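# Coordinate inspection notes
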Amino acid sequence: MPAGSFRITIALYTACLACTLLLAPAAARADTPAEGAQHAPPTISADLDDYDTGNEDMVPDPLEGWNRMWFAINDALLLKVVKPVHQGYVAVTPDELRSGVRNFFHNLAFPLRFLNCLLQGKPMEAGVEMGRFIINSTVGMAGFIDVAKKDKPIVEPDKEDFGQTLGVWGAGEGFYIVWPVIGPSTLRDSVGLVGDYFADPFGYMVDDDVTYFAGRAYGEFNKADETISSYEAVTKSAVEPYTSVRNAYIQLRRAKVAK
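Scanning the entire structure with this criterion turns up 16 salt bridges. Residues Glu226 and Arg102 are paired through a salt bridge, measuring 3.0 Å at the closest nitrogen-oxygen approach. With Glu226 in helix H11 (residues 224–235) and Arg102 in helix H4 (residues 95–108), this residue pair connects regions lying 124 residues apart in the sequence. Taking the relative accessible area as the measure of exposure, Glu226 reaches 33% and is therefore partly exposed. Through salt bridges that share partners, Glu64, Arg68 and Glu240 make up one connected network.

Pasting the structure below:
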């Protein structure tokens, strides 16, 4: 990984400790018993607007002051800075290039999705991921062209991550938290981010953290329209945007874990 062994060791110990706390009975009791399902990752998905945003059966929100502060900052950053800059980027960047970059980073993250499919006991989905990766990495010119999407037998499965894997294993959600830039998450999903980071092949392809995060930032910025449209679908008509985003995120993650 681009960072030194000391930083990696500290991060791994932190992840192990957090997992232990999440799997403890006290953490498990933080889940709401009526639903009996959990959730998992860190960014707002394009599927958020498909979920009801009722207040019932939500995870605890003991850091609401912190969360609301960062929600407001993230909101301004996304809509006042990223959105207009991205609109300019779209205006001067060919669709083929933006689509190619999106496909490349998605294809590159194959090991992360493949590993989590296996960890969640989904061998068929893992096989589909493998088939898509082989086709797109060869015929698809290192993944810049998503050739596999044209083949119905290997239609892309749901994206799996370590947050979802922890949920499948029975780890409790913990509490809700909003991270700077990253956005909505839970204690369990935050732990999952550590696993996602160390399983990300891109980190092993670059020499330093600056290059890694710059590359990842560009990959996310390139597809920012997906995040923006999803976010606005939830917040535009909401009386309380913070609550709507929180509840939609929790329900979306629970649905993904339940699949």
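Let's pick the thread back up.
Let's shift gears to the pairing of strand S2 (residues 183–186). Relative to S2, strand S1 (residues 176–179) is paired through four bridges, and the arrangement is antiparallel. Paired with Ile177 across the two strands is Ser185, which belongs to S2. If you look at the hairpin formed by S1 and S2, you'll find three residues sitting between the two strands, and Val181 has a positive phi there, around 70°.

Attention now moves to the confidence of the model for the chain. Chain-level statistics for the chain give a pLDDT mean of 81 and a share of 76% at 70 or above. Confidence over residues 1–7 falls short of pLDDT 50; this stretch has 18 contacts with residues more than four positions distant or in other chains. Of the regions scoring below 50 in pLDDT, residues 24–46 engages in 69 contacts with residues more than four places distant in sequence or in other chains.

Basis of the calculations
Along each chain, residues carry numbers from 1 onward, in the same order as the chain's sequence is written. Local features in this predicted model are restricted to residues of pLDDT 70 or higher, and side-chain atom pairs are both shown and tallied only at a pLDDT of 80 or more, whereas totals for entire chains, interfaces and linings draw on every residue. The side-chain figures draw on all heavy atoms in the structure; neither hydrogens nor water molecules are used. One speaks of a salt bridge when a side-chain nitrogen belonging to Lys or Arg is within 4 Å of a carboxyl oxygen belonging to Asp or Glu. Only runs of H or I of at least four residues qualify as helices and only runs of E of at least two qualify as strands under DSSP, and these elements are numbered from the N terminus. Each residue's exposure class comes from its accessible area (1.4 Å probe, protein chains only) as a fraction of the maximum for that residue type: buried when under 20%, exposed when over 50%, partly exposed otherwise. By the convention used here, strands pair only if DSSP detects at least 2 bridges between them. A score from 0 to 100, pLDDT tells how confident the predictor is in each residue. Note on definitions: a residue-residue contact is assigned when non-hydrogen atoms from the two residues lie within 4.5 Å.

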